[in-house]
Amino acid sequence: MIRIPCPFCGTRDHSEFAYGGDGAIIYPDLDAPMQDWHDAVFQRENICGRQVETWQHVNGCRMWLLVERDTMTHEIYSVRPAHPDMAQALEVTA
Amino acid sequence: MTRFSAWNVFWNGVTGQKGWSRQWRDPEPKPRYDVVIIGGGLHGLATAYYLAKNHGIRNIAVLEKGWIGGGNAGRNTTIVRSNYTQPGNREFYENSLNLWEELSHELNYNVMFSQRSHITLLHSPGAVDATARNYNTMRLTGNADVEIWSLEQLQEAVPHLNYGADARFPIMGAAVHKRAGTARHDAVIWGYARAADQLGVDIIQNCEVTAILRDGDKVTAIETSRGKITTDKVGLAVAGNSSRLWNMAGMRHLPIESHKLQAFVSEPLKPLLDQVVVFGMGGAHFYISQSDKGGMVFGGDLDWYKSYAQKGNLPIVQDVAEAAMSVMPCLGRVRLLRHWSGVVDMSMDGSHFICKTPVDNLYLNAGWNYGGFKATPASGTYFADLIANDRPDKVIANHDLKRFERGLQLDERGAGPDPKLHG
């Protein structure tokens, strides 16, 4: 079991989370050339080692997170909100 | 090399088993080969075998980082089937199944291929209709041995599934693929290694590739832990680690993510299950068969996050055990003997790649998802043909890296471009 320190809920088992995918992908503008969209949707660096990836805390705060994790050892180096502005806005509303 | 035959088994039986020699040589790598295949798994060895046999290329090396049979060749659940619907995939897997049917004779090695049929359980009218549509497609396109069974037919053939009215997912019927079955995976890889070696292929174990040297658009040599090897052509057959070798060859992206898939085997039991049974419903996924030794061999979903570690996580063990109990409650007291995990190439559409690459003399065999074992003979045949003739056969014309640019996805499940969903 991987333990993920959620910035909102604290450290939880990975079974509370859903894996998204490669967190380094920046999606292009809607009117960007087809090749840019092809690369963003279909091409992956598939790093063996430290990579940034997205996880959603589906059975917790439901926030999307950016997790820096080693894909060989599964060690987690950092976790931060994927949308810090949204997190802040939610906290203010609450 | 002693040929296996009834006479030789008998003769060695009465002469103290002294007439057998080792199954393949352990040669030192030569400084130059016509073709180097990186990866001594099922696909790499099959490719070397068919290159030698079908195309007369004998100066071949297969480089293996570990030992023959230590990777995914020995980590799969040994299921062979051809019930695919997408153009290209269905011809490919049907050809593969045809090759499986003759494989023991072809290799002079008993791969224990057992066509015990593959039964997919259906749990809703929608699933019956969708599967009937798929199976009709298969029947119309040449794979005539698939059929839909009623609940009564299924109960007669497989009496000890959970048919109770209180089952979480009551069974309504089944989709059956009769020529499908299982083979002994160790025998398959040993058989290919032995047969390739007999044709002069050098199988070099404990030989890790450390660099792929290029001069412009050509690979010139391979640096390995056992020295430098120059070669005319290089084939990559390292599913699970394709991206790492791709990087070594100086390229960055592939439409692949590496995930790990677990498999399980129980203590040996007396004959219990005479088919391959598959259950997939409501997010659960489970497939089971019984080996000739009696062990129940089964598996389920991926571990759900990208990984290169050959070790499985415990939540999936729990999921698979729950699925096992819901399908075959009689397994409840059976003890687990071993479980393990292998790293698989999960591709963006769930289909594989056998293709040329941007590097002229580098060829790629990758992206096998859950399906690498059953593909072995066809994968070797078509990859050897591609390497020898430098052009893809029409069956694999769309199994290239450019298909997504053409708007084509060979997506059997319709799951979309998310590698982990193509299980």
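Scroll up to find the structure this text is about.
Residues numbered from 1 in each chain as written. Chains lettered and ligands numbered in written order. Predicted model: local features only at pLDDT ≥ 70, side-chain atom pairs only at ≥ 80, totals over all residues. Heavy atoms only, no water.

**Student:** Before we move on, could you go through the pairing of strand β15 (residues 295–306) of chain B and cite the residues and values that matter?
**Tutor:** Residues and elements named next belong to chain B. Of all the 12 residues making up β15, 11 are buried; the element is thus mostly covered by neighbouring parts of the structure. Pairing between strand β12 (residues 256–268) and β15: six bridges, direction antiparallel. Directly across from P268, in β15, lies its bridge partner G295. Sheet topology note: the strand β14 (residues 284–290)/β15 ladder contains four bridges and is antiparallel. Across the sheet, residue I288 finds its bridge partner in β15, namely F298. Hairpin connection, β14 to β15: the antiparallel pair is bridged by four residues, and G294 has positive phi, about 110°. (Buried < 20%, exposed > 50% of the residue type's maximum accessible area, 1.4 Å probe, protein only. Helix = DSSP H or I, 4+ residues; strand = E, 2+ residues; numbered from the N terminus. Pairing = 2+ DSSP bridges.)

**Student:** How would you summarise the nonpolar core if you had to cite specific residues and measurements?
**Tutor:** Nonpolar side chains tend toward joint burial in soluble globular proteins. All names here are of chain B. The biggest cluster of nonpolar side chains holds 51 residues, and the ones touching the most others in it are I60, F92, V188 and Y192. Counting residues per element, the ones that place at least two in this core are β1 (32–38), α2 (42–55), β2 (60–63), α3 (89–101), α4 (103–107), α7 (185–198) and α10 (372–389). The residues touching F92, leaving out its near neighbours within four places in the chain, are H352, I354, W368, A375, A378, S379, Y382, V395 and I396. (Core = buried A, V, L, I, M, F, W, Y, C linked by side-chain atoms within 4.5 Å. Contact = heavy atoms within 4.5 Å.)

**Student:** Describe unusual backbone geometry, listing the residues and the values that go with them.
**Tutor:** Residue and element names in this part refer to chain B. We note that S117 has phi near 80°; this positive angle belongs to a residue other than glycine. Secondary-structure assignment places S117 in the loop between α4 and β4 (118–122). Phi is positive for N206, close to 50°, though the residue is something other than glycine. Checked against the element boundaries, N206 lands in the loop between β8 (202–204) and β9 (209–215). Overall, N206 belongs to the exposed group, its relative accessible area being 56%.

**Student:** Give a detailed account of the state of the cysteines, specifying residues and quantitative values.
**Tutor:** A full pass over the atoms with the stated rule returns zero disulfides over all chains. A disulfide-free cysteine, C61 of chain A has its sulfur positioned 3.7 Å from the sulfur of C9 of chain A, the nearest such atom. (Disulfide = S-S within 2.5 Å.)

**Student:** Give me the packing of α2 of chain B against α7 of chain B: which residues, what numbers.
**Tutor:** Two quantities define a packed helix pair, namely the angle between the axes and the distance from one axis to the other. Residue and element names in this part refer to chain B. Between α2 and α7, the shortest axis-to-axis distance is 9 Å and the interhelical angle comes to 30°. Taken together, α2 and α7 sit at an angle that is classed as roughly parallel. Judged by the sense of rotation from one axis to the other, the crossing of α2 with α7 is left-handed. Each of L42, L45, A46, Y49 and Y50 in α2 lies in contact with α7, whose residues at this interface are V188, I189, Y192, A193, A195 and A196. Its residues placed into classes, the contact of α2 with α7 shows 11 nonpolar, no polar and no charged. (Axes fitted to C-alpha atoms, helices over the stretch in contact; angles between N-to-C directions. Parallel < 35°, antiparallel > 145°, perpendicular 65-115°, else oblique. Left-handed = near helix turned anticlockwise from the far one by under 90°. Nonpolar A, V, L, I, M, F, W, Y, C, P; charged D, E, K, R; others polar.)

**Student:** Just give me the short version of the sheet that holds β4 of chain B, but keep the residues and values in it.
**Tutor:** All names here are of chain B. Across the sheet, eight strands lie side by side as β5-β6-β4-β13-β14-β15-β12-β16; this open sheet has mixed pairing. Here the strands that pair on one side only, and so sit at the sheet edges, are β5 (146–150) and β16 (336–347). Strand-to-strand twist of the sheet, defined as the mean angle between neighbouring strand axes without regard to direction, takes the value 20°. Where β5 lies against strand β6 (residues 173–177), five bridges are found, and the strand directions are antiparallel. Bridging across to β6, E147 finds its partner in V176. Sheet contacts for helix α9 (residues 314–327): β4, β12, β13 (276–281), β14, β15 and β16; angle to β15, the most-contacted strand, approximately 135°.

**Student:** So what about the interface of chain A and chain B? Which residues, and what values?
**Tutor:** A common way to express how large an interface is: the accessible area buried when the components associate. Counting from both sides, the interface comprises 24 residues of chain A and, opposite them, 26 residues of chain B. Among the residues chain A hides against chain B, the three largest losses belong to Y19, F42 and N46 of chain A. Together they make up 30% of the total. Applying the counting rule to chain A against chain B returns two salt bridges. Between R44 of chain A and E257 of chain B there is a salt bridge, with the nearest N and O atoms lying 3.9 Å from each other. Applying the counting criterion to the chain A and chain B interface returns 14 residue pairs in polar contact (both at pLDDT 80 or more). Elements supplying a minimum of two residues to the side of chain A that touches chain B: β3 (18–22), α1 (34–42) and β4 (50–56) of chain A. (Buried area = accessible area lost by both parts, 1.4 Å probe. Salt bridge = Lys/Arg side-chain N within 4 Å of Asp/Glu carboxyl O. Polar contact = N/O pair within 3.5 Å; in protein donor to acceptor, adjacent residues only side chain to side chain.)

**Student:** Before we move on, could you go through the layout of surface pockets and cite the residues and values that matter?
**Tutor:** All names here are of chain B. The volume enclosed by the second largest pocket comes to roughly 620 Å³. Forming the boundary of the second largest pocket are 28 residues, of which R184, H185, D186, S291 and R338 lie nearest the centre. Elements that contribute at least two residues to the lining of the second largest pocket include exactly α7, β12, β14, β15 and β16. Among the residues making up the lining of the second largest pocket, the classes are represented as 10 nonpolar, 12 polar and six charged. (1 Å grid on protein atoms, 1.4 Å probe; cavity = no way out; pocket = protein on both sides within 12 Å on 5 of 7 lines; lining within 4 Å. Points joined across faces, edges and corners; volume = space filled by probe spheres on them.)

**Student:** Got a sec to walk through empty space enclosed by the protein? Specific residues and values, please.
**Tutor:** Residues and elements named next belong to chain B. Taken as a whole and judged by the stated rule, the model has one cavity of 30 Å³ or more. Taken as a whole, the largest cavity holds about 60 Å³ of empty space. Lining the largest cavity, in full, are L121, H123, N162, A167, R168, F169, I171, F279, S326 and V327.

**Student:** Provide a residue-level description of the pattern of salt bridges, including the pertinent values.
**Tutor:** Residue and element names in this part refer to chain B. Scanning the entire structure with this criterion turns up 25 salt bridges over all chains. Residue R179 pairs with E94 through a salt bridge whose shortest N-O separation is 2.7 Å. Of this pair, R179 sits in the loop between β6 and β7 (181–182) while E94 sits in helix α3, and the two are 85 residues apart along the sequence. Across the pair, exposure class does not vary: R179 and E94 are buried alike. With its nearest N and O atoms 2.8 Å apart, the salt bridge here joins D385 to R391. Through salt bridges that share partners, R25, D197 and D202 make up one connected network.

**Student:** Break down the side chain of T224 of chain B for me, with residues and values.
**Tutor:** Residue and element names in this part refer to chain B. In this fold, T224 is placed in strand β10 (residues 218–224). One polar contact links the side chain of T224 to the main-chain amide nitrogen of R226, over a distance of 2.9 Å. There is a polar contact of 2.6 Å between the side chain of T224 and the backbone oxygen of G227. With near-sequence residues (within four places) excluded, T224 lies in contact with L63, C207, E208, V209, T210 and I229.

**Student:** Summarise the packing of aromatic side chains; cite the residues concerned and give the values.
**Tutor:** According to the stated counting rule, one finds 22 aromatic pairs over all chains in the structure shown. Through successive ring pairs, a cluster of aromatic residues spans Y84, F92, Y93, W368 and Y382 of chain B. The ring of Y77 of chain A has R50 of chain A lying over it, and the distance from NZ or CZ to the ring centre is 3.5 Å. Between the NZ or CZ atom of R244 of chain B and the centre of the ring of Y308 of chain B, over which it lies, the distance is 5.6 Å. (Phe/Tyr/Trp six-rings, centres within 6.5 Å; stacked < 30°, edge-to-face > 60°. Lys NZ or Arg CZ within 6 Å of the ring centre and 35° of its normal.)

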